[in-house]
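# Architecture at a glance
So the chains spell out like this:
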Amino acid sequence: MLALSDTYRDLLISGAWLVAGLILLFLGLSFLRRWIARSRQGEAEPFDLSQLRAMRDRGELTEKEYQRARETLASRLKTDRESHPQGGQTPPRT
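Before going further, it helps to spend a moment on the overall build of the protein. A count of helical and extended segments in the protein gives 3 helices and 0 strands. Start at the N end of the protein and walk to the C end: the helices and strands fall as α-α-α. Per-residue burial over the protein gives 5% buried out of 94 residues. A total of about 8,700 Å² of accessible surface is found on the protein, and carbon and sulfur atoms cover 61% of it.

Listed below in structure tokens is the structure:
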């Protein structure tokens with residue numbers, strides 16, 4: 001009978017360690033998700049055409065880079081407008 005109660009005690013202790021480990025894993029993943037979300041909020045907003053022009057005028061972009069960026073921006077705006085025809089504005093990123 002003594003061996004049987006030792007087995008249950010060991011099983012109970014192992015189960016408690018497993019539950020504690022799962023709780024710590026959950027808390028760690030929650031912290032990581034919040035940290036990633038906060039770091040993404042600090043990302044720079046996309047360029048607009050006036051910012052691209054200013055960069056070209058200051059010599060930070062070559063004419064070829066400017067044209068490529070302008071075409072990319074125009075195609076992105078066109079895609080956004082086609083996917084959101086009611087006002088052309090995209091919802092804010094979360």
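Now that the structure is up, let's keep going.
Turning to the pattern of salt bridges, a few remarks are in order. In this structure the tally under the stated criterion is 5 salt bridges. Notably, a salt bridge pairs Arg9 with Asp10, separated by 3.9 Å at the nearest N-O pair. Assessed through its relative accessible area of 47%, Arg9 is described here as partly exposed. Here Asp57 ties to Arg56 by a salt bridge, and the two come within 3.5 Å at their closest N and O atoms. What makes Arg56 partly exposed here is its relative accessible area of 25%.

What follows covers the confidence of the model for the protein. When the pLDDT values of the protein are averaged, the result is 82; 78% of them are 70 or greater. Across the protein, the element-wise mean pLDDT spans from 86 in helix α3 (residues 63-83) up to 90 in helix α2 (residues 49-57).

Conventions we followed
- All chains use their own residue numbering, which begins from 1 and follows the written sequence.
- Reporting of local features is limited, given that this is a predicted model, to residues whose pLDDT is at least 70; pairs of side-chain atoms are given and counted only at 80 or more, and all residues count toward the totals for whole chains, interfaces and linings.
- The basis for the side-chain values is all heavy atoms of the structure; hydrogens and waters are excluded.
- Secondary structure elements follow DSSP: runs of H or I no shorter than four residues count as helices, runs of E no shorter than two count as strands, and numbering proceeds from the N terminus.
- For every residue, the accessible area (1.4 Å probe, protein chains only) is compared with the maximum for its type, and the residue is labelled buried under 20%, exposed over 50%, or partly exposed between those bounds.
- In these tables, accessible area is a Shrake-Rupley quantity obtained with a 1.4 Å probe, and a residue counts as shielded only by the protein chains included in the view.
- Criterion for a salt bridge: a side-chain nitrogen of Lys or Arg within 4 Å of a carboxyl oxygen of Asp or Glu.
- Looking at any residue, its pLDDT shows the predictor's confidence there, from 0 to 100.

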